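Per-entry structural report
Take a look at the letters that make up each chain.
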Amino acid sequence: EIGSGLVGSEMCIRDSVSVHAWYYPYVRVQHTLGLMAGTGNDAFSPNGTVPLTQGLTVAVRVYEKYWGIPDTSAELGSPWYTYYINRAREYGILPQTLEGVSVFRAATRAELAEILSRSLPEVELEPIHQVDALPDYTSQDLYWNGVITLYRAGVLMGDDEAGTFRPDSNIRRSELSAILTRMVRPEYRKIFTLTPLPQEVIETIVYGKSGAGRELK
């Protein structure tokens, strides 16, 4: 079981995470496993966006904890992210399409799905759903394989009953904590049934919610 080998220290969660928030259980798991760090002064900043540096960092941590590889980032000193970017490249986690882009910009949902899907072997992301289509992402899109792998495994489920993905929008730290938890703790994965939307509604979603006026392919 992949979660059994991911053990970290319990970290303090301050007022930035309410016990009544939907993401509270996920944040607690992430603190326990040591996959996500706070943003200073024990704050979690649940509504903060996720830069590519942080997305690559958590993916490398998942990979190394799964395979029992020690994290030696402390030996490299500053900047802290150098270790994780180098390891992401070495482990095949960093997509070739993101080579040369600024690692400080916020990651899109599609980019992060692709990165995280590469952090575990296929056997740990076996499908529990038959998902063949999404309202605003298709098999012709760049990161389809990573995205649909996480949908089929019950890690992603979209924003609505149709599974709307919003691929070009940014992801919040609270959402990342939920995705990571579902990846490393299979008991948190979601069982769902997607309801296809009418074609005219799909076209509206693709143009209005993707963040870039994407055309339906």
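Residues numbered from 1 in each chain as written. Predicted model: local features only at pLDDT ≥ 70, side-chain atom pairs only at ≥ 80, totals over all residues. Heavy atoms only, no water.

Here we take up the overall build of the protein. When helices and strands are counted, the protein shows 7 helices and 0 strands. Going from N to C terminus, the protein has its helices and strands arranged as α-α-α-α-α-α-α. By the burial criterion, 48% of the 217 residues in the protein qualify as buried. Pairs at least 24 residues apart make up 73% of the contacts formed inside the protein by residues separated by at least 6 positions. In the form shown here, the protein has an accessible surface area of approximately 10700 Å², with 50% of it arising from carbon and sulfur atoms. (Helix = DSSP H or I, 4+ residues; strand = E, 2+ residues; numbered from the N terminus. Buried < 20%, exposed > 50% of the residue type's maximum accessible area, 1.4 Å probe, protein only. Contact = heavy atoms within 4.5 Å. Areas by Shrake-Rupley, 256 points an atom, 1.4 Å probe, with all protein chains shown as cover.)

You can see Glu111 is positioned in helix 4 (residues 109-117). Classification of Glu111 as buried rests on a relative accessible area of 8%. Linking Glu111 and Leu52, residues 59 residues apart in sequence, is a C-alpha distance of 8.6 Å. Among residues more than four places away in sequence, those in contact with Glu111 are Leu52, Leu98, Arg105, Ala106 and Tyr143. A polar atom in the side chain of Glu111 sits 3.0 Å from the backbone nitrogen of Thr108. (Polar contact = N/O pair within 3.5 Å; in protein donor to acceptor, adjacent residues only side chain to side chain.)

Packing of helix 1 (residues 24-33) against helix 6 (residues 173-184) brings their axes to within 8 Å, and their N-to-C directions diverge by 65°. Remark: the crossing between helix 1 and helix 6 carries left-handed chirality. Across the interface between the two elements, Tyr26, Val27, Val29, Gln30 and Leu33 from helix 1 touch Ser177, Ala178, Leu180, Thr181, Arg182 and Val184 from helix 6. (Axes fitted to C-alpha atoms, helices over the stretch in contact; angles between N-to-C directions. Left-handed = near helix turned anticlockwise from the far one by under 90°.)

Once that is clear, we can look at the nonpolar core. Core analysis: the largest hydrophobic core is formed by 57 residues, its most contacted members being Ile93, Leu116, Leu134, Tyr151 and Phe165. Elements with a contribution of two residues or more to this core: helix 1, helix 2 (52-67), helix 3 (81-91), helix 4, helix 5 (144-152) and helix 6. Counting residues per element, this core draws most heavily on helix 2, at 7 residues. In this structure Tyr151 touches His129, Val131, Leu134, Leu156, Met157, Gly158, Gly163, Thr164, Phe165 and Phe192, once residues within four positions along its chain are discounted. (Core = buried A, V, L, I, M, F, W, Y, C linked by side-chain atoms within 4.5 Å.)

Before going further, it helps to examine the confidence of the model for the protein. A residue-level look at the protein finds 82% of positions with pLDDT of 70 or above and a mean pLDDT of 85. Across residues 209-217, confidence stays below pLDDT 50; counting only partners more than four residues off in sequence or on other chains, it has 26 contacts. (pLDDT = per-residue confidence, 0-100.)

This brings us to the packing of helix 4 against helix 6. Here helix 4 crosses helix 6 at 25°, and the two axes come no closer than 12 Å. Regarding the angle of helix 4 to helix 6, the classification is roughly parallel. For the pair helix 4 and helix 6, the crossing hand works out as right-handed. Taken together, the residues of helix 6 that come into contact with helix 4 (itself represented by Arg109, Leu112 and Leu116) are Glu175, Leu176, Ile179, Leu180 and Met183. Of the residues belonging to the contact of helix 4 with helix 6, the class tally is 6 nonpolar, no polar and 2 charged. (Parallel < 35°, antiparallel > 145°, perpendicular 65-115°, else oblique. Nonpolar A, V, L, I, M, F, W, Y, C, P; charged D, E, K, R; others polar.)

As a further point, take the environment of Gly163. Structurally, Gly163 can be placed in the loop between helix 5 and helix 6. Taking the C-alpha atoms as reference, Gly163 lies 6.1 Å from Leu134; in sequence the two are 29 residues apart.

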